[in-house]
Protein chains: 4
Amino acid sequence: MTAAPADPSGRPAPGGVVPPVCTPLTPGLEVDTASLERLVGHLLDAGVDGLFVLGSTSEVAFLPDAHRRTVLETVVKHVAGQVPVLAGAIDMTTLRVIEHSRAAAEIGCDGIVATAPFYTRTHPAEIERHLRDVAAAVPVPLYAYDLPVSVHSKLDAGMLLRLAAEGVLAGVKDSSGDDGGMRTLLLRLREAGTTGFSVLTGAELTVDTAVAMGVHGVVPGLGNVDPAGYVRLYRHASEARWDEARAEQERLLRLFDIVNAGGTDRMGRGSSALGSFKAALHLLGVIDCPVTAPPQIPLDAAETDRVRRLLVAAGLL
Amino acid sequence: MTAAPADPSGRPAPGGVVPPVCTPLTPGLEVDTASLERLVGHLLDAGVDGLFVLGSTSEVAFLPDAHRRTVLETVVKHVAGQVPVLAGAIDMTTLRVIEHSRAAAEIGCDGIVATAPFYTRTHPAEIERHLRDVAAAVPVPLYAYDLPVSVHSKLDAGMLLRLAAEGVLAGVKDSSGDDGGMRTLLLRLREAGTTGFSVLTGAELTVDTAVAMGVHGVVPGLGNVDPAGYVRLYRHASEARWDEARAEQERLLRLFDIVNAGGTDRMGRGSSALGSFKAALHLLGVIDCPVTAPPQIPLDAAETDRVRRLLVAAGLL
Amino acid sequence: MTAAPADPSGRPAPGGVVPPVCTPLTPGLEVDTASLERLVGHLLDAGVDGLFVLGSTSEVAFLPDAHRRTVLETVVKHVAGQVPVLAGAIDMTTLRVIEHSRAAAEIGCDGIVATAPFYTRTHPAEIERHLRDVAAAVPVPLYAYDLPVSVHSKLDAGMLLRLAAEGVLAGVKDSSGDDGGMRTLLLRLREAGTTGFSVLTGAELTVDTAVAMGVHGVVPGLGNVDPAGYVRLYRHASEARWDEARAEQERLLRLFDIVNAGGTDRMGRGSSALGSFKAALHLLGVIDCPVTAPPQIPLDAAETDRVRRLLVAAGLL
Amino acid sequence: MTAAPADPSGRPAPGGVVPPVCTPLTPGLEVDTASLERLVGHLLDAGVDGLFVLGSTSEVAFLPDAHRRTVLETVVKHVAGQVPVLAGAIDMTTLRVIEHSRAAAEIGCDGIVATAPFYTRTHPAEIERHLRDVAAAVPVPLYAYDLPVSVHSKLDAGMLLRLAAEGVLAGVKDSSGDDGGMRTLLLRLREAGTTGFSVLTGAELTVDTAVAMGVHGVVPGLGNVDPAGYVRLYRHASEARWDEARAEQERLLRLFDIVNAGGTDRMGRGSSALGSFKAALHLLGVIDCPVTAPPQIPLDAAETDRVRRLLVAAGLL
């Protein structure tokens, strides 16, 4: 593994295991701050290296601004500087993203994560302008979020290298699933001698191989459920214990089947996946209520039982 | 043409020519309320039947919440009840859309326009739940916005008919471009005897034929530039003067070429189209500044001149 | 309606109602030539103006080359010059399309219809080279087939105008569903004074409005089932009897519901649509066997009965 | 690495390094059989474990049937049983794929590779019926080809497991780029104790990590240019020499930049990639002519020189 690059600003550069933190809700759909604090404690106790709040796994797309603010305030205060906290600033275009970013920076997050524009029909020149404008307007490091499944465009590798070299971006969270592309980016960054740029993968099922390719960190949604597993996996891989890493990754891969609990007949994959993470956290006693935000379809009793059985099989329950 | 259906609530049901109102900005990217009032006057003077604010043509995806509020307050106050005002509540999911919707209703709009969820991976059952939840939470009529190019899903006709029959939806703004589907919907609504449901097409180039199919209104972005032309066109078509309607539509079709002023090499189609509408409004003296919100790429002088020449050719300048 | 343009070669230019002819199969999946001849007779007797064989409705994508040859030979011989016969040359790229085209021309078709390359990742310059190469290699007129749902790219209007002006293409079969784009093309062709270029729409539900826009012909799949209806519709529209045209179109629109007979749960839309056309032709006694080619899923008895009831409702049975 | 599974039929199961063989053409666009034999020799001399002809890298989508037959005959005869030869049977639907498959089996290939239906709108039930029908009709093992970029659907993992367990499929060539999905499939196959099913990855840039995940073989297009490099890489990885594997993979990753030689401005990615492979083989003296089939755009002199420089940098020239 390549060591996480030093941030020229002196801030701790997020790297290692950086779970995207679920957002526990009350039955009345308010942020359940007590459960959120317990979840943060659950993650920190497992030894994670950073936290990513207000990403897809956090249901950021479902949270009103006041909810987002509560999440950030709760987590930043509870973490109290023990690890870096990255905050998603997920919105359609530049001015809206800048507003979210500034609010997050004021609350004290250590970095912002922003996608390309979405909903609008866009263009590579507009994506680059967007990231430059956001970076210029925000007082903390900016990470690009490559999430084609939501954004419907893929970040161009040449642009990332350019913005990395200029220091506009501090890194990328790559949830594109394009491992060949990510590896090319990693190699080019290394050959260019670019420092201060972290590549974090959003892939949960290929952490060992991603570390072998040189990523600086992983952002596994399933890390909410089994953070200790991901910490072990990451350490095995970082220290080149490949057999142990593979065994741990395969155990987590089996556990990952919880995301299929709801199927695709009566709900979308997002409802099933986020519902299963929250069902698992509820079954583990970490959060008080497994509800997800509307219009997601909730898991029923049989589907929740499927989650329970997989937790048992994984040795977590 | 089928007459615009009566709204059971007694509110005026939007129909006829309902332009989606551009949002003039100052060079500093604030809402230019004086220009916005002039634009509203320009539209009302031409005899439009309603206004749609905070839609795609309004750059809603680019406007922070405070801008959106200013737009709504300015337009609702300036219109002063002369025509119905619909407001887009464009955001990713239910709770966020409800917030925008309530804010718009408080300001005094006559109806809300909302898309299916986007950014998240969704499912027909989630789309239906979303529209039902929004309708239940909002005190004014709800119109579904069918905009696959932005939302990446198409509203299901069966669902629209169901929500129309139940009175959940007051109409649909169809910008899907699927004229066969729209016509099927219109026929099924008529056969079911459903009233209180308006079908508004977003297509600018097929107003005469859409009226022939029975739509209740049209929402042409180009109507910002030549509202009188669209009013004439709509009246010709509504009164079955098909030859006059066709001639007017073809004149507007030639004018519509302004949306290609910026091309697709150095900017996206959105930048070119919205930039051309604003350039035209600026050249016509309606608004003070043609700037579009970031990260859109502005038209350059040559591109703006292309707009100017098409305005001259259309007899507008 | 603009009259169908004269073909400089003196060949009859296809225009008017040009149904895409279904391909009846035997239970053993051979071409049922007797049924095919009856189907051709059924169409000619209704007064259609041309035939399009080996298009999507013909299950061309499902037919081996020998089947394609049998279809062409059977139809060309049976038509015996009464109306023009266009033949689809549907394959992935240039050399393969040229082979199909030459075979069809030798058999005696009056024109070839070819899509952009598919399966391969392509580019506008490659699409243009493809159409130019095919046109240069084939001794009969070439029509471009715009079918994004199958080909996953849209033909560029500028390219079509260029190839029309140069005489490379004799027309376009537009199944893109983009009526605004088609109308723009029609207007630009007229303004450029281009002759010898036919625009044929594949849309079944908007024939009257397409004629009002100036198309030269329509290629309705449903025309297999009710060719007389489409001939009446087209004549009403061509002679500006808009009310009669609308009524006929709406009757056909109701009949078109047969394409939903199979639903989307247990089969694809193609299986349902093509299966319903063949079920209808079988119920009407035109063809001997309603089987579709594998891997399409056949309609079951209940689904076939749904087709039957719609035929009854349309006055056809 | 998991050993390549035994084929119950006793045939050698393809595994290890199985390059997809380019199809050299003459300037007149015939198959250049002498160059093809040299290319096969170039690959066999490097120690590859099998060959895949008539895949995407072979320009199969561009080759008429007679060309396909010539390729197969030439390669099968030249290989003379030294290694297994898989043949792509790439066409739109079942009957056409069966024809290609039978022809290939008669010529003597050891297995057939077929995609889901394309061009038609399809459905999971139709994809499964398609693969079952093809397998039943063909006397050699069938491999499914998962290539969403061309086929526009992704093969369902549950279906693959079902067809593997029943012995319908002998394997899958996974070019979907979804490494998490591929790893899940590998784990499920292992846990189910399924034998006789090979997972071959089409990814060129992640061979070491794919081997670590347990794939049975790799099908690297770049293996045409540097087969010895891929043989070394595969052996390093199979014998757990991960550092040596990574170094070799990274060298090949740098070489892979040849696929960008043509850029995306004036040609598609396919033209650039296939053009660069052929340019490299020409520069290396393996094939006589670098021409690609129409409508691909050829590389110009400057682009070819970019290929040359990368070959020099990789130590191949």
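To start, this report covers the structure provided alongside it. (Residues numbered from 1 in each chain as written. Chains lettered and ligands numbered in written order. Predicted model: local features only at pLDDT ≥ 70, side-chain atom pairs only at ≥ 80, totals over all residues. Heavy atoms only, no water.)

**Considering the packing of helix α3 (residues 94-107) of chain C against helix α4 (residues 124-137) of chain C**
All names here are of chain C. What counts is decided by this rule: Working convention: axes come from line fits to C-alpha atoms, limited for helices to the stretch in contact. Angles between N-to-C directions cover 0 to 180 degrees. Numbering of helices and strands starts at the N terminus; helices are DSSP runs of H or I of at least 4 residues and strands are runs of E of at least 2. Roughly parallel refers to an angle under 35 degrees, roughly antiparallel to one over 145, roughly perpendicular to one between 65 and 115, and oblique to any angle outside these ranges. Left-handed describes a crossing whose near helix is turned anticlockwise from the far helix through less than a right angle; right-handed describes the clockwise counterpart. Any two residues whose heavy atoms approach within 4.5 Å at even a single point are treated as in contact. Under the scheme applied here, ten amino acids are nonpolar (Ala, Val, Leu, Ile, Met, Phe, Trp, Tyr, Cys and Pro), four are charged (Asp, Glu, Lys and Arg), and all others, including Gly, are polar.
Contact pair α3 / α4: the axes reach a minimum separation of 10 Å and the direction vectors enclose 30°. One finds that α3 runs roughly parallel with respect to α4. Where α3 crosses over α4, the handedness of that crossing is right-handed. Between α3 and α4, the residues in contact are Thr-94, Val-97, Ile-98, Ser-101 and Arg-102 and His-130, Asp-133, Val-134 and Ala-137, respectively. A breakdown of the residues in the contact of α3 with α4 according to their chemical character gives 4 nonpolar, 3 polar and 2 charged.

**A word on the interface of chain D and chain C**
Heads up, the rule is: The quantity reported as buried area is the accessible area (1.4 Å probe) lost by two parts once they are put together, taken as the sum for both. Put simply, a salt bridge is a Lys or Arg side-chain nitrogen that is within 4 Å of an Asp or Glu carboxyl oxygen. Identification of polar contacts relies on pairs of N or O atoms within 3.5 Å, with a donor-acceptor requirement for protein atoms, meaning one able to donate a hydrogen and the other able to accept it, and with residues adjacent in sequence counted only if both atoms are side-chain atoms.
Counting residues at the interface gives 49 residues for chain D and 49 residues for chain C. For the pairing of chain D and chain C, the buried interface totals around 4000 Å² over both sides, and the portion due to carbon and sulfur atoms is 61%. Of all residues in chain D, the largest losses of buried area upon contact with chain C belong to Arg-96, Tyr-119 and Arg-121 of chain D, amounting jointly to 21% of the total for that side. Joining chain D to chain C, the criterion identifies 4 salt bridges. The closest approach of N and O atoms between Asp-65 of chain D and Arg-96 of chain C, which form a salt bridge, is 2.8 Å. Remark: the boundary between chain D and chain C carries 22 residue pairs in polar contact (both at pLDDT 80 or more). Contributions of two or more residues to the side of chain D that touches chain C are made by α2 (65-79), α3 (94-107), α4 (124-137), α5 (148-151) and α11 (269-283) of chain D. Among the residues forming the side of chain D that touches chain C, the class breakdown is 21 nonpolar, 16 polar and 12 charged.

**Overview of the relation of the copies chain D and chain C**
Threshold: Superposition of the copies was done by least squares, using only C-alpha atoms of residues whose pLDDT is at least 70 in both.
Placing chain D over chain C gives an RMSD of 0.0 Å and needs a rotation angle of 180°, together with 0.0 Å of translation along the axis. Seen this way, the second copy is the image of the first under a two-fold rotation axis. Distance from the rotation axis, computed per C-alpha, reaches its smallest value in chain D at Tyr-119 of chain D: 3.9 Å.

**As for the sheet that holds strand β4 (residues 111-115) of chain D**
Residues and elements named next belong to chain D. Quick note on the threshold: Two strands form a pair only when DSSP identifies at least two bridges running between them.
The 8 strands lie next to each other as β1-β8-β7-β6-β5-β4-β3-β2, forming an open sheet whose pairing is parallel. One side of each edge strand has no neighbouring strand; the edge strands of this open sheet are β1 (16-17) and β2 (51-53). Direction of pairing for β1 relative to strand β8 (residues 217-218): parallel, over a ladder of 2 bridges. Bridge pairing links Val-17 to Val-218 in β8. Each of β6 (171-174) and β7 (198-201) touches helix α7 (residues 179-192); the most contacted strand, β7, lies at about 165° to it.

**Comments concerning the sheet that holds strand β8 (residues 217-218) of chain B**
All names here are of chain B. Spatially, β1-β8-β7-β6-β5-β4-β3-β2 is the arrangement adopted by the 8 strands of the open sheet, whose pairing is parallel. Each edge of the open sheet is held by one strand with a lone partner, namely β1 (16-17) and β2 (51-53). Across 4 bridges, strand β6 (residues 171-174) lies against strand β7 (residues 198-201) in parallel orientation. Residue pairing across strands places Val-172 opposite Val-199, the latter belonging to β7. Of the strands in this sheet, β6 and β7 are in contact with helix α7 (residues 179-192), which crosses β7 at around 165°.

**Structural notes on the relation of the copies chain A and chain B**
Screw-axis analysis of chain A against chain B gives a translation of 0.0 Å along the axis, an RMSD of 0.0 Å, and a rotation angle of 180°. A shared binding surface is used by both copies, with 100% of the interface residues of chain A retained as interface residues in chain B.

**Overview of unusual backbone geometry**
Glycine aside, a negative phi is what most residues show, and trans is what most peptide bonds show. We count it as follows: Relative accessibility decides the category of a residue: with a 1.4 Å probe and only protein chains considered, values under 20% of the type maximum give buried, values over 50% give exposed, and everything between is partly exposed.
Between Pro-294 of chain A and Pro-295 of chain A the backbone carries a cis peptide bond, its omega angle lying at 10°. Position of Pro-295 of chain A among the secondary structure elements: in the loop between α11 (269-283) and α12 (301-313). In this model, Ala-80 of chain B sits at a positive phi of 50°, which is unusual for a non-glycine residue. Its location among the elements puts Ala-80 of chain B in the loop between α2 (65-79) and β3 (85-88). Residue classification places Ala-80 of chain B among the exposed residues on the basis of a relative accessible area of 59%. With phi around 70°, Leu-29 of chain C is a residue other than glycine that occupies positive phi space. Looking at the element boundaries, Leu-29 of chain C is found in the loop between β1 (16-17) and α1 (33-45).

**What about the interface of chain A and chain B?**
Between chain A and chain B, the residue contacts involve 49 residues of the former and 49 residues of the latter. Counting the surface lost from both chain A and chain B, the interface buries some 4000 Å², and carbon and sulfur atoms represent 61% of this. When the buried area of chain A at its contact with chain B is split by residue, Arg-96, Tyr-119 and Arg-121 of chain A rank highest and sum to 21% of it. Linking chain A with chain B are 22 residue pairs in polar contact (both at pLDDT 80 or more), by the criterion used here. For the side of chain A that touches chain B, the secondary structure elements donating two or more residues are α2 (65-79), α3 (94-107), α4 (124-137), α5 (148-151) and α11 of chain A. Each residue belonging to the side of chain A that touches chain B can be placed in one class, and the counts come to 21 nonpolar, 16 polar and 12 charged.

**Some points on the environment of Gly-262 of chain A**
Residue and element names in this part refer to chain A. Here Gly-262 is to be found in the loop between α10 (242-255) and α11. Under the relative-accessibility criterion, Gly-262 is labelled buried at 7%. Not counting chain neighbours up to four residues away, the residues in contact with Gly-262 comprise Met-267, Ser-272, Leu-299 and Glu-303.

**A closer look at the pattern of salt bridges**
All names here are of chain A. All told, the structure shown has 100 salt bridges over all chains when counted by the stated rule. Residue Asp-243 pairs with Arg-246 through a salt bridge whose shortest N-O separation is 3.5 Å. With Asp-243 and Arg-246 both in helix α10 and 3 residues apart, this pair spans about one turn of that helix. A relative accessible area of 53% places Asp-243 in the exposed class.

**Digging into the pairing of strand β5 (residues 142-146) of chain B**
Residues and elements named next belong to chain B. As a reminder, the rule being used: Handedness of a crossover is defined as follows: with both strands directed away from the viewer, a clockwise route from the first strand across the helix to the second makes it right-handed.
Of all 5 residues in β5, 5 are buried, a share of seventy percent or more. Pairing geometry for strand β4 (residues 111-115) and β5, over 4 bridges, is parallel. Paired with Thr-115 across the strands is Tyr-145, a residue of β5. Crossover handedness for the path β4 to helix α4 (residues 124-137) to β5: right-handed. Of the pairings in the sheet, the one linking β5 to β6 comprises 4 bridges and is parallel in character. In the sheet register, Ala-144 faces β6, and the bridge partner there is Val-172.

**Brief notes about helix α2 (residues 65-79) of chain C**
Applied cut-off: The span one expects for a helix is its residue count, reduced by one, times 1.5 Å.
Helix length check: α2 of chain C (15 residues) gives 21 Å between terminal C-alpha atoms against 21 Å at 1.5 Å per residue, within 8%. For α2 of chain C, the complete set of buried residues consists of His-67, Arg-68, Val-71, Leu-72, Thr-74, Val-75, Val-76 and Val-79 of chain C. If you follow the buried residues of α2 of chain C, they end up packed against α1, β2 (51-53), β3 (85-88) and α3 of chain C together with α3 of chain D. Ala-80 of chain C lies just past α2 of chain C and shows a positive phi near 50°.

**Let's talk about the packing of α1 of chain C against α2 of chain C**
Residue and element names in this part refer to chain C. For the pair α1 and α2, the least separation of the axes is 10 Å and the interaxial angle reads 45°. The angle between α1 and α2 falls in the class oblique. As α1 runs across α2, the sense of the crossing is right-handed. Note on element contacts: α2 touches α1 through Thr-70, Val-71, Thr-74, Val-75, His-78 and Val-79, opposite Thr-33, Leu-36, Glu-37, Val-40, Gly-41 and Leu-44. A class-by-class count of the residues in the contact of α1 with α2 yields 6 nonpolar, 5 polar and 1 charged.

**Notes on the state of the cysteines**
Defined as follows: The criterion for a disulfide is a pair of cysteine sulfur atoms lying within 2.5 Å.
Considering all chains together, one arrives at 0 disulfides over all chains under this definition. Left without a disulfide partner, Cys-289 of chain C is nearest to the cysteine sulfur of Cys-22 of chain C, which lies 13 Å away.

**Examining the side chain of Thr-115 of chain D**
The topology assignment puts Thr-115 of chain D in strand β4. Leaving out residues up to four positions away in the same chain, Thr-115 of chain D has contacts with Tyr-119 of chain C together with Ile-90, Asp-91, His-130, Leu-131, Tyr-145 and Val-151 of chain D.

**Points about helix α9 (residues 227-238) of chain D**
Two residues of an α-helix separated by three or four positions point the same way, owing to the 3.6 residues in each turn. Residues and elements named next belong to chain D. Compared with the 16 Å implied by 1.5 Å per residue over 12 residues, the 16 Å span of α9 between its first and last C-alpha is a close match. Along α9, the residues that are buried comprise Pro-227, Gly-229, Tyr-230, Val-231, Leu-233, Tyr-234, His-236 and Ala-237. The inward-facing, buried residues of α9 abut β1, α1 (33-45), α8 (207-213), β8 and α10 (242-255). Once α9 ends, the next one or two residues include Ala-240, with phi positive near 60°.

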